[in-house]
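Each chain, letter by letter, is given below.
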Amino acid sequence: MPIAFVRNVSESINQCELTHMEHEAIDLTNARAQHAKYVEALRHLGCEIHEFPRLDHQPDAVFVEDTAVVVPELAVLTNPGAESRRGEIESVGETLAAYRPVVRLGDSGTLEGGDVLRIDKKVHVGCATRTDEQGILELRSHLEPLGYDVIMIRHGEALHLKTACTYLGEGVLLLNREWVDIEDFDDLEPLECHPEEPFACNAIRIGDSVLFPEEFVRTRERIESRGFKVHPVPASELAKAEGGLTCSSIIID
Ligand code: GLY
């Protein structure tokens, strides 16, 4: 059974980092209600849920994905490009140590898990505002000896690589071509988001379903037309904090 690690929304979520978006008030009650539905959906789709302790003084702590890159052999704690987020790492490391050997990236480079898209032994890593070349070199030094191919991807005006694209399974990459180039992904079939839904590329494949934001109905039609079963969840409140669905969990097998 997969395990999904999650963390509840911090009291201070309105002080979150914003890179490409303007501040818009986040309703904490609604953010927590939507987060609870997300967690329930993960459970429904077969995940065992493990909650990290809430960190009310770390505004972005709900976005646990950025804190660690976990492969079957190892958990790599990151050094987030957003300095304000570095205090989130310790509690994640303490918990993951029960499941994997844990190593930590040094502070000479930066890397956030939202920039890491792993497809089996291929680890695509976005290089932009939050993740730099040195961070990618350090991640490579941990993963290549384990047989992983770590591939650097330059992406456009998206916060993270997985804002621009995610893997739906069966060889299909959901992507926004304005931000990422399908040629960077060997042999994958592109499935483009609807042009009026540029943020609709962040989805999670779990079992035979694709967890997907209910707000993006036009892109949902495209995913379903391609033959995938979609499980919609509300995600609009944390989207104001520049967070997508993958951001709010670390899922391990
Ligand atoms: N607010 C999400 C992030 O910037 O990390």
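Our subject in this report is the structure included herewith. (Residues numbered from 1 in each chain as written. Predicted model: local features only at pLDDT ≥ 70, side-chain atom pairs only at ≥ 80, totals over all residues. Heavy atoms only, no water.)

Quick notes on the site of the ligand
Counted only if it meets this: Here a residue is near a molecule or strand as soon as one of its heavy atoms is found within 4 Å of it. Polar contacts, as counted here, are pairs of nitrogen or oxygen atoms within 3.5 Å of one another; within protein the pair requires one atom able to donate a hydrogen and one able to accept it, and residues that are adjacent in sequence qualify only if both atoms are side-chain atoms. Here the accessible surface of atoms and residues is derived via Shrake-Rupley with a 1.4 Å probe, and residues count as covered only by protein chains that are part of the display. In this classification, the charged set is Asp, Glu, Lys and Arg, the nonpolar set is Ala, Val, Leu, Ile, Met, Phe, Trp, Tyr, Cys and Pro, and all remaining amino acids, among them Gly, are polar.
Taken together, Glu17, Asp60, Phe63, Arg85, Arg130, Leu159 and Ala241 make up the full set of residues adjacent to the ligand. Ala241 places a main-chain nitrogen or oxygen 2.6 Å from a nitrogen atom of the ligand. Burial of the ligand by the protein chains amounts to 99% of its free accessible area of 200 Å². Classifying every residue of the shell around the ligand by side-chain character gives three nonpolar, no polar and four charged.

Let's talk about the sheet that holds strand E13 (residues 209-213)
Put simply, the rule is: Only strands joined by at least two bridges in the DSSP assignment are considered to pair. Numbering of helices and strands runs from the N terminus, with a helix taken as a DSSP run of H or I at least four residues long and a strand as a DSSP run of E at least two residues long. A fitted line through C-alpha atoms represents every axis, and for helices the fit uses only the stretch in contact; the resulting angles, taken between N-to-C directions, go from 0 to 180 degrees. Contact definition: two residues touch when any of their heavy atoms are within 4.5 Å.
Read across the open sheet, the three strands follow the order E12-E13-E14; overall the sheet is mixed. Each having just a single partner strand, strand E12 (204-206) and strand E14 (229-233) make up the two edges of the open sheet. Between one strand axis and the next, the sheet turns by 35° as a mean value, whatever way the strands run. Looking at chain direction, E13 and E14 are connected through five bridges and run parallel. Bridge pairing in E14 links Pro213 to Val233. Along the sheet face, helix H1 (residues 28-44) touches E12, E13 and E14 and points at about 150° away from the line of E14.

Some points on the environment of Asn176
Just so we agree on the cut-off: Only protein chains enter the accessibility calculation, which uses a 1.4 Å probe. A residue is then buried if its area is under 20% of the maximum for its type, exposed if over 50%, and partly exposed in between.
Following the sequence through the fold, Asn176 ends up in the loop between strand E10 (172-175) and strand E11 (189-192). According to the relative accessible area criterion, Asn176 is buried, its value standing at 6%. Residues Asn176 and Ile13, 163 residues apart in the sequence, show an inter-C-alpha distance of 27 Å. Filtering out sequence-adjacent residues up to four positions away, Asn176 remains in contact with Ala164, Cys193, Pro198 and Cys201. A polar atom in the side chain of Asn176 sits 2.8 Å from the backbone nitrogen of Glu178.

Overview of unusual backbone geometry
A positive phi angle, close to 55°, is found at Asp120, a residue other than glycine. Tracing the backbone shows Asp120 in the loop between strand E6 (116-119) and strand E7 (122-127). Positive phi is not limited to glycine here, since Glu242 has a value of about 65°. You can see Glu242 is positioned in the loop between helix H6 (236-239) and strand E15 (250-252).

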